[in-house]
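Spelled out from the first residue to the last, the chains are:
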Amino acid sequence: AFVAPALVANGIYLLPGATLAVFCTTTGLLCATCCTDPGIIPRREVVLATGTAEQLREALGYDVLEGDGNGISAKLRKEGYRLCNTCGIIRPPRSSHCGDCDNCVMRYDHHCPFVNNCVGQRNYHFFFGFISCVLVLALMVLPALALHLLNPRKERAMKNAAKIDQ
């Protein structure tokens, strides 16, 4: 019923081995995408409670608490910074508030329900790698599976595939 044992039994080792390697890479990138912080900017309450305003100012290059509910300076607004009314902080350009996670995310792309996480500045490369590996895995598995299931002469097809693999 499985394709890989039939391939290995006929001396075809490259395709099952490559498929296993791509599958393991895909799984690793999925876990990395799920578990990596996408670039969440802490809320005003968290920044005030932890006393990390100065560290954030150094890391981001601006004061996230500058707005204080009265709006932001004209200089920051001109550069693309916006005030997030939900989080009470100033967001940098290309960041956005995610309605699913209820956080502001730097370089927010989207909230992916498949990985149950936002895709943003800090995990975009893992997400792109995951999507690329899924595509490669599909291109490897689906044709081999279709040939295996739809070919009435499986033994002859395996011998021809063994010739191609060598």
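Because the structure is predicted, anything quoted here is derived from the model rather than measured.

Parameters and conventions
One numbering rule holds for all chains: residues counted from 1, following each sequence as written. Where totals are concerned, whole chains, interfaces and linings use all residues; where local detail is concerned, this predicted model gives features only for residues with pLDDT of at least 70, and gives and counts side-chain atom pairs only at 80 or more. Only heavy atoms go into the side-chain values, all of them from the structure, while hydrogens and water stay out. Per residue, pLDDT captures the predictor's confidence, and it can take any value from 0 to 100. Helix numbering and strand numbering both begin at the N terminus, where a helix is a DSSP run of H or I of at least 4 residues and a strand a DSSP run of E of at least 2. Excluding any residue in a salt bridge, patches collect residues exceeding 30% relative accessible area, merging like charges within 9 Å and nonpolar Val, Leu, Ile, Met, Phe, Trp and Tyr side chains within 5 Å. Methods summary: accessible areas were calculated by the Shrake-Rupley approach with a probe of 1.4 Å, and residue burial reflects only the protein chains presented. Throughout this description, the term salt bridge denotes a Lys or Arg side-chain nitrogen within 4 Å of a carboxyl oxygen of Asp or Glu. For the exposure calls, accessible area comes from a 1.4 Å probe over protein chains only, and a residue counts as buried if that area is under 20% of its type's maximum, exposed if over 50%, partly exposed in between.

A short note on the confidence of the model for the protein chain
Okay, so step 1: Residues at a pLDDT of 70 or more form 86% of the protein chain, whose mean pLDDT is 86.
Okay, so step 2: For the protein chain, helix 7 (residues 154–165) is the element with the lowest average pLDDT, namely 60, and strand 7 (residues 117–119) is the one with the highest, namely 96.

Details of a nonpolar patch on the surface
Okay, so step 1: A surface patch of nonpolar side chains, about 480 Å² in accessible area, is lined by Val141, Leu142, Leu145, Leu149 and Leu150.
Okay, so step 2: Residue class for Val141 comes out partly exposed when judged on its relative accessible area of 32%.

Focus on the pattern of salt bridges
Okay, so step 1: Throughout the structure, instances matching the rule amount to 4 salt bridges.
Okay, so step 2: The salt bridge partner of Arg57 is Glu54, with a shortest N-O separation of 2.3 Å. With Arg57 and Glu54 both in helix 4 (residues 53–60), this residue pair falls 3 residues apart, about one helical turn.
Okay, so step 3: For Arg57, a relative accessible area of 32% corresponds to the partly exposed category.
Okay, so step 4: What makes Glu54 partly exposed here is its relative accessible area of 43%.
Okay, so step 5: Between Arg57 and Asp63 there is a salt bridge; the shortest N-O distance is 3.3 Å.

Considering unusual backbone geometry
What is expected of a backbone is that most residues other than glycine have negative phi and most peptide bonds are trans.
Okay, so step 1: In this structure, Arg107 takes a positive phi of about 45° despite not being glycine.
Okay, so step 2: With respect to the helices and strands, Arg107 occurs in the loop between strand 5 (103–105) and strand 6 (110–112).
Okay, so step 3: Residue Arg107 is classed as partly exposed on the basis of its relative accessible area of 48%.
Okay, so step 4: Here the phi dihedral of Asn116 falls at roughly 55°; this positive angle occurs in a residue that is not glycine.
Okay, so step 5: Here Asn116 is to be found in the loop between strand 6 and strand 7.

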